[in-house]
Amino acid sequence: MTHLSFRNGQVLTPQGARDGATLQIAQGRIAAIGDVQGDAFDLQGGWLVPGFIDVQVNGGGGVLFNDDITVEGIRAIADAHRPYGTTGLLPTLISDSLEHVAMALDACEAAIEAGVPGILGVHIEGPFLNARRNGIHDTAFFRRIDAEAIALLTRKRKGKVLLTLAPELCDPQDIAQLVQGGVIVSAGHSDADYDTVMTAIGAGLTGFTHLFNAMSPLHHRNPGMVGAAFDAPETYTGLIADGAHVHPAAMRLVLRAHPHERVVLVTDAMPSVGAKDKNFVLQGKAIHVENGICLDDAGTLAGSDLDMAGAVRNLVRMAGADVADASLMASASPAAFLGLCDRGSIAPGQSADLVWLDADLQPRAIWQDGRLTGG
């Protein structure tokens, strides 16, 4: 049993903020929370928050998951995001061949078996998407989901499998079969109408991938996918809070229209995060970063250069969220979306994944499983 004591700052717990606290840590988990005792870590007026969980990470540290579908590539991506407070993530495969989908599933399982810190599973974003809403995805890989793909995705594995698909291009029974097989199904890169999305939700779909982006918009006579997301408060909505993918006014609308515990901050991060060279190549397209925004030569958004600490800051500064709510959307909400009950909050029984944010919400130190890993 070890003790981590914190003073001169707010420790965010599910019961509210505490003015300092001592965490008893056993086997990488929080065993108990008590008052400050003995020598304490000085938070310098900042915050101790749960480690961030990012369910959409395409790359980091100069590595694109599609190009390096290996345990080593996954480790490099996780290492690049950890200094920004991300202690749990899903490496995300952008639309690719079914062979590469199989490789991504196997690589993430192997990374978990190898003990790569923070790998919670894998996000397969496509290729079962609508070409009308492809964004930066290469439509050459697009295909309808079939029995072969469902069998591949539902094979019993370690870790979570999150799948983004266009619900109008599959049958509700496909979604039900995926969910029954343990896959978390999210709607994205889709032109589905409201009724189609609601039917998909009835079949077991529970998420929306990067809300507003690459999906049918809200119209007062045709609510589309965005309208369905707002009309289904039981679902989880991914939100890229960089000010480019989603205007701050739209962020504020989300905070007013959807339960905060169902809003999931994501980065949609590319290899530029944590890398000195911000330029990279995505499936043959040259991508450059301008003012923190990833673009191809045609000006199409290509993921982001956003990290999770930056997403939290942006939600506070651009959308007026308080720190506790922004932290919730970066930790407890994604944990709940993934069905993980052992992480995402500072509470007994939870993984001792912690982030010290200073008064400016910059990450100053990170603990993973109770061990200081950065700062």
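Residues numbered from 1 in each chain as written. Predicted model: local features only at pLDDT ≥ 70, side-chain atom pairs only at ≥ 80, totals over all residues. Heavy atoms only, no water.

Caption draft 1: Representation of the overall build of the protein chain within the structure. Helix and strand counts for the protein chain stand at 10 helices and 22 strands. Counting only C-alpha atoms and orienting by the principal axes, one finds that the protein chain spans roughly 60 × 45 × 40 Å. Excluding contacts between residues fewer than 6 apart, the proportion of contacts in the protein chain whose partners are at least 24 apart in sequence is 68%. For the protein chain, the exposed surface amounts to about 14300 Å²; the carbon and sulfur share of it is 48%. (Helix = DSSP H or I, 4+ residues; strand = E, 2+ residues; numbered from the N terminus. Contact = heavy atoms within 4.5 Å. Areas by Shrake-Rupley, 256 points an atom, 1.4 Å probe, with all protein chains shown as cover.)

Caption draft 2: Local environment of the nonpolar core. Within the largest apolar cluster, 95 residues are counted, with the highest numbers of intra-cluster contacts made by Leu153, Leu265 and Leu315. In terms of residue count, the dominant contributor to this core is helix α2 (residues 98–113) (eight residues). Not counting the four nearest positions on each side in its chain, Leu153 is found in contact with Val101, Leu105, Ile124, Phe128, Ile145, Val161, Leu163, Leu178 and Val183. In this structure, Leu4, Val11, Leu23 and Ile346 belong to the second largest nonpolar core, which totals 15 residues. (Core = buried A, V, L, I, M, F, W, Y, C linked by side-chain atoms within 4.5 Å. Buried < 20%, exposed > 50% of the residue type's maximum accessible area, 1.4 Å probe, protein only.)

Caption draft 3: Layout of the sheet that holds strand β14 (residues 236–240). On the basis of which strands lie adjacent, the open sheet formed by eight strands has the order β6-β9-β10-β11-β12-β13-β14-β15 and parallel pairing. A single partner strand is all that each edge strand has here, and the edge strands are β6 (52–57) and β15 (263–266). Those strands touched by α2 are β9 (86–94), β10 (121–125) and β11 (160–165), and its axis lies near 160 degrees from that of β10. (Pairing = 2+ DSSP bridges. Axes fitted to C-alpha atoms, helices over the stretch in contact; angles between N-to-C directions.)

Caption draft 4: Region of the structure containing unusual backbone geometry. Here the residue pair Gly126 and Pro127 is connected by a cis peptide bond, since its omega of 15 degrees sits within 30 degrees of zero. Relative to the assigned elements, Pro127 resides in the loop between β10 and α3 (147–153). Although it is not a glycine, Phe212 sits at a positive phi angle of roughly 85 degrees. You can see Phe212 is positioned in the loop between β13 (207–208) and α6 (224–230). Here Asn291, not a glycine, exhibits a phi torsion of approximately 55 degrees, which is positive. Structurally, the position occupied by Asn291 is in the loop between β17 (285–290) and β18 (293–296). The exposed category is assigned to Asn291, whose relative accessible area is 80%.

Caption draft 5: Broad picture of the packing of aromatic side chains. Applying the stated criterion to the full structure yields six aromatic pairs. On the basis of an interplanar angle of 75 degrees and a centroid distance of 5.2 Å, the ring pair of Phe41 and Trp367 is categorised as edge-to-face. One end of the pair, Phe41, is in strand β4 (residues 41–42); the other, Trp367, is in strand β21 (residues 363–368), with 326 residues separating them in the sequence. (Phe/Tyr/Trp six-rings, centres within 6.5 Å; stacked < 30°, edge-to-face > 60°.)

Caption draft 6: Quick look at the environment of Leu265. Counting through the fold element by element, Leu265 comes out in strand β15. Setting aside anything within four residues of it in sequence, one finds Leu265 in contact with Ile53, Leu239, Ala241, Met308, Ala311, Val312, Leu315, Ala326, Met329 and Ala330.

Caption draft 7: Fine view of the sheet that holds β17. Strand order in the open sheet formed by four strands is β16-β17-β18-β19, with antiparallel pairing between adjacent strands. On the outer flanks of this sheet lie β16 (280–282) and β19 (301–304), each paired with one strand and no other. For this sheet the average axis-to-axis angle between neighbouring strands, irrespective of direction, equals 40 degrees. Across two bridges, the pairing between β18 and β19 is antiparallel.

Caption draft 8: A look at the environment of Ala302. As for its placement among the helices and strands, Ala302 is situated in strand β19. The buried category is assigned to Ala302, whose relative accessible area is 0%. In the structure, Ala302 is positioned 17 residues away from Lys285 in sequence and 9.8 Å away in space, judged by C-alpha atoms. For Ala302, the residues in contact, after removing those within four places along its chain, are Ile136, Met270, Phe280, Ile287 and Cys294.

Caption draft 9: Molecular detail of the side chain of Ser327. Looking at the element boundaries, Ser327 is found in helix α9 (residues 323–330). By relative accessible area, Ser327 is classed as buried at 4%. Filtering out sequence-adjacent residues up to four positions away, Ser327 remains in contact with Leu12, Val49, Pro50 and Ala332.

Caption draft 10: Representation of helix α5 (residues 194–203) in the model. Looking at α5, one finds that the buried residues are Val197, Ala200, Ile201 and Ala203. The buried residues of α5 all sit within an arc of 160 degrees when viewed along its axis, so they share a single face. Turned more than 90 degrees away from the buried face of α5, the exposed residues are Asp195 and Gly202. Looking at the buried residues of α5, the elements they touch are α4 (172–180), β13 and α6. (Arc of directions from axis to C-beta.)

Caption draft 11: Region of interest: the pairing of β14. Within β14, five of the five residues are buried, which leaves the element mostly enclosed by the surrounding structure. Here β14 shows two buried faces, one formed by Tyr236, Gly238 and Ile240 and the other by Thr237 and Leu239. In this sheet, β14 lies alongside β13 in parallel orientation, the contact comprising two bridges. Each bridged residue has a counterpart across the sheet, and for Gly207 the counterpart in β14 is Tyr236. Traced from β13 through α6 to β14, the parallel crossover comes out right-handed. Since β14 and β15 lie parallel, the crossover through helix α7 (residues 248–257) that links them has a hand, and here it is right-handed. (Right-handed = clockwise from strand over helix to strand, strands pointing away.)

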